[in-house]
Structure formats: structure tokens, C-alpha cells
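Report on the structure
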Amino acid sequence: MSSLSTSPADFAAHSFDYLIVGGGTAGLAVAARLSEDPSLHVGVLEAGPAASEEETINEPSQILQTLGTKYDWQFETVPQVGLGGRSLAWPRGKVLGGTSALNLMTWNRGNKEDYDAWEQLGNKGWGWDGLLPFFKKSETFHPPNIATQDINREYFDHQAIGTNGPVHASYAREYSDTHELCYDTLLGLGIPENRAHHAGSNVGVWTNLISVNPENNTRSYASSAYFAPNSSRPNLFVLTDALVEEITLSKDGEEWTATGARFTHGGISYAVQASREVILCAGSVQSPQLLELSGIGNPQILSDAGIQLKVPNSNVGENLQDHIMTISVFEVDPSLQKAELGAPGTPYCYLPISAVTSQEKFKQLASKVHALEHYPPEKTAILQRRFDPTARLGQFEYIFDLENWDSSFKPEPKSGKKYASILQILQYPFSRGNIHIRKPPESGPGNGVRPTIAGKPIIDPRYYSGPHGEIDLDIMTQCVRFSEKLCQSPPLSSLVRSRVTPPSSIDNDDDLRDWVVKNTTTDWHPVGTCAMGGHGGIHSGVVDDRLRVYGVKRLRVVDASIMPLQISAHLQATVYAIAEKGAHLIREDNLEKRL
């Protein structure tokens, strides 16, 4: 019998060892690993539906169709001063499988130095060497067809891949006409080919991997990969359409202990208990939101919202970092053919800033970075090292696709024209934002009104703002220019008709900078809001390096929010690795208690 068949009353009455809040990318991976031990009873609460047969999720050709639907929380940022007062949509998965059910399925890893930086901050075991076994544990890599490998440039390092994990990683079934053209153009500009992009360096040009099962051409995501094969386990219980309102805490002397959660289902309130631990896997938006609703956070924010303070920690919801993006659109030869079978294969290119700007511009940027004043010394040193002229890191990502990705550009219908886009994505942002609970108008101490999980939090990424956010704007402006250079270089130039966005009338840096402000969007990769504290402990973060929440016993956070610094990569493979490692730590601690 499927574990989804449980009723809310039966779920609440059950005695769980581990209660997982959030059945998304990380939550289902943690649940699958913990329930491998038949003696442990594991419960999962998910706010969205199961949707296992939903075509818009399962079919790779229907990517982006779920955005703005019932499977999306439909979050939005507050108006951003650095973006000319614009608010941006922030899709997050409200469905079993979380955002892994909504994303564009890119499957890659960051640079070795990205993860080593986490360890250098004092988070033992979170460097590249410590994480690589968990990257490999999460994936089954499908080697490319030998006959077409060289044609499509589908290269990999045999020692870096996983061969028996839940998530399928594969190369695309087909490629657009522009794939080879763009790839060769990048090589012609002196950019190195990276034949081991999965092995600790993503710098250079390479063909992307996607989380698609090639055996049936379906999306491979947390629900299909981690939950479905294990759904009949008698010790695993998943309740969907369940809104968790707070983590329940009890106080013994001066210590708080997590004992379970309070949730609503169908408008009825329930309470459920966990004898060992509560594991929060609600993501970078809602993990800090739930901590604050449970009394863990900044005392002033909680007081203003009418929440009883239990554990003061002003780091909850802070340290928000996101990948920001601009899109250049070009008119191309209308005879070019786009791949139609599903998520397309395309060249990905990660480059250091020094490779896309002049030496003089790079020195100007580096001087601003070396004048950083508003970060802790350890983080400042890491950020400054990334701007060493010899640093070989993917500070910027370029993706070329035979499609118009700019929603603000509306081509004339039936014009017969065809367009291609270059996505320019900043990997190491200096902008720092925050996410906090939104107090109801009537809330306040003593009046009995308090915010709920249904009230969307205040999301303020502070793009291009704050003490050093302007550095991001400087970098983005310079990197947009490289896309123009790419399209003016052979062999791609022979098929590019004109630049559409930014408009061809924009040429000088001031006008381009203004265009960047008005057109920057997000790549939807938020991290850091419940970060590992490292050497600074509770003064620097929310969880320790075993992902235990400071000041609360039996409570952990396991998701992208624990990342202290952003990485140069799309997030999902790293989130699965975090979940795999988190489950390992939990089982390791459980074994120690038994002994």
C-alpha cells in the first residue's frame, strides 16, 4: 500500500521517529535514506499535491508550463530599488518533489573551490572531497552514444560520475542547429573546452547534462527518483496538501527541544509528534519562515509579528544570495531548426570575469572587491580571492538557446523571423538580501493575531543594492558585452541577422547599465537564509556543520538554505548532495546514540 494513502488523522496519530517538513527536492531524498532502516518510522508533510501523473511536470518538452499554476507557490519579491522599483516572480514548487518538479532540469556541479570555501569557513566535511561521494550517490549517469559523442561534444570524467543513484542524468536526445555553431564559436574565441565539467571545475565550454531518464524520456525528480520506488515501505508515510504552521518546541530548564509540528489539512488543525528529530526541508524561502513562525529568529521581527520569542538568532532569514540574469536576444537565420523532443542540449560556458572584459575594467572591478568592508573577514578573504587575476572560476555563465527567452520582447506574429537568446547569469553575487515573515496589519504583542504559513513572506534580495551590490551591476554590464562579441564572431556570425535586446541603439556603458537595471531578472537559485555558521557559530549562522539548529535540540535544516556562500552552478545537484549528506549525518548521530 502506498504511503500516500494515509489520512491526516492517521498521520497525526502516528508515532514517528523522524518528521520531515517539506516533501521537496531535499525532503524526499532525506526521507528515502532514513526509511532504509526498517526500524525507523519516517513521516513527511508536504503542502502541495502528489501530481505523479502530471504531464506538464513529467514531459521535458513542457518545461515552464507549471509556473504560475497550483504547483507553484507564486512568490514575489518586494519592489527592488536596484531594479528600478520592479518586483520579480519567484516560482517555488508546491508539489511533491518541490522545485525539482518545476525547474529546467540542468544537472551540473559547482567548482571545487566553491565547496572548499564552505569548509574554510569552519564547516567540517563540507568541502569538495567531503561532498563528492554524495554527489555520486544521488545520480545515475547515462553515458552518451559513442557514435555521436564527438559530434555533440558529450564528454565526461568516468571517476566523477555516479552510476547507481536515484536521479537520472543524461545528455539530450537531440540538438538544435545552433549547438555546434555556438560551441565552435566559443572555441574560436580561445575559450577552452572542458571535458570533465562534472569533476570540480566548470570553467570553459561544454555540453549540458539534464535530469531526464533517457529510458522513457521523462523528468527525473525527487518524487519519481526518491519517493516512487520506496512508496510501499511500511515505515514511510507521506501526507500531501498539509500546511505546516509551526515546529512545536518544549522547554526543559533553559533548553528548547523540537517535539513535532502543528499543521492544517482541509481547514482542520492537527498536531504530530517526533521522538527523535524534526527535519526542516522547506527550502530557502520557507525554512526561515517556519523557524520564525516557531519562535526562532530576530527578536524585533518576532515581536513586531506577535510571535513569542524562544530562541534569539538574528541570522535567520538573512544572508540571502541569488543568481541574477539578463537575456540578450538576436534575430537569426530563419532556416535554423530547434530541437523539439524535449529539454534541448546546448553549450554551457562558465568564465572568469577577466576573460570577458578589458584588463582596465577588470582592475577597476577588482579594486572595488578588495575594498570590501561589510562582510566578516573570512568571507571577505574568499570573495577577494575570486578576483585574483589567476583565479580560474566560473564567475559568469552563458547559455545559448534557439528561442526567445525575453518575455518583454514580443515578436511580430507570422513575421517568419526566428530568434536566439543568450542567458548571462552572475554566479557569485555581492548583493545580500533577506526573507522574513510578513506581519498581518492587526498583529502585535498581546492581541492574539499572528502570521501564518499561508501569508507569503517578505522576499527582499536587494539586487544591485546594499554596500557592495553595485559591484554586481558593474559585472553584469561588462558581461552583456561579451554576448555581442560572441554573435559577431564566426561561424555563428554568419547566421546572426541583428541584435534585438539590448536594442542596437544602446552602445555606451551608461546606457547599457541603465538597460541592465531595467531588464535584470532572476535565475531562481536562492540560498543562504539558514546558513551554516562555521567558526562563528550562532553569531554567524543558523545551523552547525551537522545541520543542527543553534539553540534547539532535535531540530535540523537540510536544504539549499544552509549554504553559507553561493556556488557557480545550477542548484539541484548540490541540493541532492546536501540531502544525501544530511541523511548520512542524521543516521550517524542516531547510531552514536544507540551505542
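Per chain, the residues get numbers from 1 upward, laid out in the order the sequence is written. The predicted nature of this model means local features are confined to residues of pLDDT at least 70 and side-chain atom pairs, given and counted, to a pLDDT of 80 or more, with totals for whole chains, interfaces and linings taken over all residues. Side-chain metrics in this entry use all non-hydrogen atoms of the structure; hydrogen atoms and water are not considered.

**Topic: the overall build of the protein**
Just so we agree on the cut-off: What counts as a helix is a DSSP run of H or I of at least four residues, what counts as a strand is a run of E of at least two, and both are numbered from the N terminus. Radius of gyration here is computed from C-alpha atoms only, and the compact-globule reference equals 2.2 Å multiplied by the residue count raised to the power 0.38. Any two residues having at least one pair of non-hydrogen atoms within 4.5 Å are treated as being in contact. For the purpose of counting charges, residues Lys and Arg are taken to be positive, whereas Asp and Glu are taken to be negative. His and the chain ends are not included. Charged side chains are reduced to one point each, which is NZ for Lys, CZ for Arg, CG for Asp and CD for Glu.
When helices and strands are counted, the protein shows 15 helices and 25 strands. Taking 25 Å as the expected radius of gyration for a compact globule of 595 residues, we find that the protein reaches 23 Å, a close match to that expectation. For the protein, long-range pairs separated by at least 24 residues make up 76% of all intrachain contacts whose partners lie at least 6 apart in sequence. A distance of 3 Å separates the average location of the 52 positive side-chain charges in the protein from that of its 68 negative side-chain charges.

**Here we look at the packing of helix H11 (residues 359-369) against helix H13 (residues 469-487)**
Keep this limit in mind: Where helices are involved, their axes are fitted lines through C-alpha atoms of the stretch in contact, as for all axes, and angles between N-to-C directions lie from 0 to 180°. Comment on the angle field: the value is read as roughly parallel under 35 degrees, roughly antiparallel over 145, roughly perpendicular from 65 to 115, and oblique elsewhere. Should the near helix be turned anticlockwise from the far one by less than a right angle, the crossing is left-handed, and should it be turned clockwise, the crossing is right-handed. Under the scheme applied, nonpolar residues are Ala, Val, Leu, Ile, Met, Phe, Trp, Tyr, Cys and Pro; charged residues are Asp, Glu, Lys and Arg; polar residues are all the others, including Gly.
Running from amino to carboxyl end, H11 crosses H13 at an angle of 165°, the nearest separation of the two axes being 10 Å. The angle between H11 and H13 places the two elements in the roughly antiparallel class. Considering how the two elements wind past one another, H11 and H13 form a crossing that is left-handed. Along the contact surface, H11 presents Lys361, Leu365, Lys368 and Val369, while H13 presents Glu470, Ile471, Asp474, Ile475 and Gln478. A class-by-class count of the residues in the contact of H11 with H13 yields 4 nonpolar, 1 polar and 4 charged.

**Considerations on the packing of helix H4 (residues 112-120) against helix H5 (residues 128-138)**
At a minimum axis separation of 8 Å, H4 and H5 run at an interaxial angle of 115°. Judged by residue contacts, Lys112, Tyr115, Asp116 and Trp118 of H4 engage Trp128, Leu131 and Phe135 from H5. Residue composition of the contact of H4 with H5, by class: 5 nonpolar, no polar and 2 charged.

**Examining empty space enclosed by the protein**
As a reminder of what qualifies: Both cavities and pockets are sets of points on a 1 Å grid over the protein atoms alone; in a cavity a 1.4 Å probe fits but cannot get out, in a pocket the set is open with protein on both sides within 12 Å along at least five of seven lines, and lining residues sit with an atom within 4 Å of a point. Grid points are joined across faces, edges and corners, and a volume is the space filled by probe spheres set on the points.
For the structure shown, the criterion picks out 6 cavities of 30 Å³ or more. Within this model, the second largest cavity holds a volume of roughly 60 Å³. Every residue lining the second largest cavity is listed: Ser328, Val480, Arg481, Glu484, Arg499, Pro502, Ile506, Asp507 and Leu512. A per-element tally of the lining of the second largest cavity places H13 first, with 3 residues. For the lining of the second largest cavity, a count of residues per class yields 4 nonpolar, 1 polar and 4 charged.

**Some thoughts on the side chain of Asn298**
Stated formally: The term polar contact refers here to a pair of N or O atoms within 3.5 Å; inside protein, the definition further demands a hydrogen-donor-capable atom paired with an acceptor-capable atom, and it admits residues adjacent in sequence only when both atoms are side-chain atoms.
Among the structural elements, Asn298 can be located in the loop between strand S14 (296-297) and helix H10 (299-304). At 2.9 Å, the side chain of Asn298 forms a polar contact with the backbone nitrogen of Gln300. Each residue touching Asn298, except ones within four places of it in the same chain, is listed here: Asn313 and Ser314.

**Structural notes on the environment of Gly98**
Convention followed: Note on exposure labels: buried denotes an accessible area under 20% of the residue type's maximum, exposed denotes more than 50%, and partly exposed covers the range between, all computed with a 1.4 Å probe on protein chains only.
Secondary-structure assignment places Gly98 in the loop between strand S4 (89-90) and H4. Residue Gly98 is classed as buried on the basis of its relative accessible area, which comes to 4%. Note: C-alpha distance between Gly98 and Leu28 (70 residues apart in sequence) is 9.1 Å. For Gly98, the contacting residues outside a window of four places in its chain are Gly23, Gly24, Thr25 and Gly93.

**Quick word on helix H9 (residues 283-293)**
The buried fraction of H9 amounts to 11 of the 11 residues, a majority that puts the element mostly inside the structure. Three or more residues of H9 are buried, namely Gly283, Ser284, Val285, Gln286, Ser287, Pro288, Gln289, Leu290, Leu291, Glu292 and Leu293. Within two residues after H9, Gly295 carries a phi angle of roughly 95°, on the positive side.

**Here we look at the side chain of Glu139**
Among the secondary structure elements, Glu139 is positioned in strand S5 (residues 139-141). Beyond its immediate sequence surroundings of up to four residues, Glu139 is in contact with Trp107, Arg109, Ala160, Ile161, Gly162, Thr163, Asn164, Gly165, Val167, Ala169 and His198.

**Quick word on the pairing of strand S12 (residues 255-265)**
The line we're drawing: Strands were regarded as paired on the criterion that DSSP finds at least two bridges between them.
Counting buried positions along S12 gives 9 out of 11 residues, so the element sits mostly inside the fold. Both strand S11 (residues 243-252) and S12 contribute to a ladder of 9 bridges, which runs antiparallel. Bridged to Thr248 within S12 is Gly260. Between the antiparallel neighbours S11 and S12 lie 2 residues, among them Gly253 with a positive phi of about 70°. Where S12 lies against strand S24 (residues 552-553), 2 bridges are found, and the strand directions are parallel.

**Brief notes about the packing of aromatic side chains**
Which entries qualify depends on this criterion: Any Phe, Tyr or Trp ring, taking Trp's six-membered ring, that has another such ring centre within 6.5 Å forms a pair; planes under 30 degrees apart are called stacked, those over 60 apart edge-to-face, and the others tilted.
In the structure shown here, the tally under the stated rule is 21 aromatic pairs. With a centroid separation of 5.7 Å and an interplanar angle of 5°, the aromatic rings of Trp73 and Phe75 are classed as stacked. Here Trp73 matches Phe75 in class, with each residue buried. A centroid spacing of 5.0 Å and a plane angle of 80° characterise the contact between Phe409 and Tyr419, whose relative ring orientation is edge-to-face. A residue pair is termed long-range when its members are at least 10 positions apart, and Phe409 in the loop between strand S18 (396-401) and strand S19 (418-426) and Tyr419 in strand S19 qualify at 10 residues. Neither Phe409 nor Tyr419 differs from the other in exposure class; each is buried.

**With respect to the pairing of strand S10 (residues 236-239)**
Of the two faces of S10, both are covered, the one formed by Leu236 and Val238 as well as the one formed by Phe237 and Leu239. Relative to S10, strand S2 (residues 42-45) is paired through 4 bridges, and the arrangement is parallel. Pairing of Leu45 across the sheet is with Leu239, part of S10.

**Description of the state of the cysteines**
Our working rule: Criterion for a disulfide: a pair of cysteine sulfur atoms at a distance within 2.5 Å.
All chains considered together, the criterion is met by 0 disulfides. Note on Cys530: no disulfide assigned, nearest cysteine sulfur contributed by Cys281 at a separation of 11 Å. A relative accessible area of 0% means that Cys530 is categorised as buried.

Function cannot be read off these values alone, since they describe shape.
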